[in-house]
Amino acid sequence: MDHLLMRGNTGSGVRADAAYRSEEMEAKLRARQLKSHIHRKGKRGKPLTDQAKGSNRTKSTVRVRVEHIFGAQTNHMGGTLARTIDLVRAKAKIGMKNLTYNMRRLG
């Protein structure tokens with residue numbers, strides 16, 4: 001994930017699933033002056049507090065907007081694999097999927 005944590009590649013914060021939360025990742029984010037919006041995770045015998053659950057719920061409101069789009073394109077629009085010869089055609093195919101998704105949402 002290091003190659004994604006460039007200052008120009010992100011806003012002031014990083015949003016990710018609980019699988020990415022670790023002391024090492026939190027230290028990297030602090031070193032790059034990025035705010036962590038990574039979900040918290042419970043452990044066996046130490047479940048999440050109500051405050052942590054609320055925090056995760058708040059963080060999920062942002063993630064769900066993106067997750068629904070990827071889910072719809074994966075499940076209803078031919079999956080995530082773009083079987084094309086070159087990058088230009090792959091970009092066109094992805095662009096058409098995005099356009100189709102937006103048109104379906106309007107209808």
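Residue positions within a chain follow its written sequence, with the count starting from 1. Thresholds applied to this predicted model are a pLDDT of at least 70 for local features of residues and 80 or more for the giving and counting of side-chain atom pairs; totals over whole chains, interfaces and linings are not thresholded and use all residues. Side-chain metrics in this entry use all non-hydrogen atoms of the structure; hydrogen atoms and water are not considered.

## Overview of the nonpolar core
- For the purposes of this section, nonpolar cores are sets of buried Ala, Val, Leu, Ile, Met, Phe, Trp, Tyr and Cys residues that join through side-chain atoms within 4.5 Å. Per-residue accessibility, obtained with a 1.4 Å probe over protein chains only, is compared with the maximum for each type, and a residue is labelled buried under 20%, exposed over 50%, and partly exposed between these values. One finds Leu 5, Val 14, Ala 16, Met 25, Leu 29, Leu 34 and Ile 38 forming the largest nonpolar core, which totals seven residues.
- The numbering of helices and of strands both runs from the N terminus, where a helix is a DSSP run of H or I of at least 4 residues and a strand a run of E of at least 2. Contributions of two or more residues to this core are made by strand 1 (13-16) and helix 1 (23-31).
- Residue contacts are defined here by distance: any two heavy atoms, one from each residue, within 4.5 Å place the two residues in contact. The residues contacting Met 25, other than those within four sequence positions of it, are Met 1, Leu 5, Tyr 20 and Ile 38.

## Quick word on the pairing of strand 1
- By definition, two strands form a pair when at least two bridges between them are found by DSSP. Note: strand 1 against strand 2 (residues 35-38), four bridges, orientation parallel. Bridging across to strand 2, Val 14 finds its partner in Ser 36.
- A crossover connection joins strand 1 to the parallel strand 2 through helix 1; in handedness this β-α-β unit is right-handed. Look down the strands so they point away from you; if the path from the first strand over the helix to the second goes clockwise, the crossover is right-handed.

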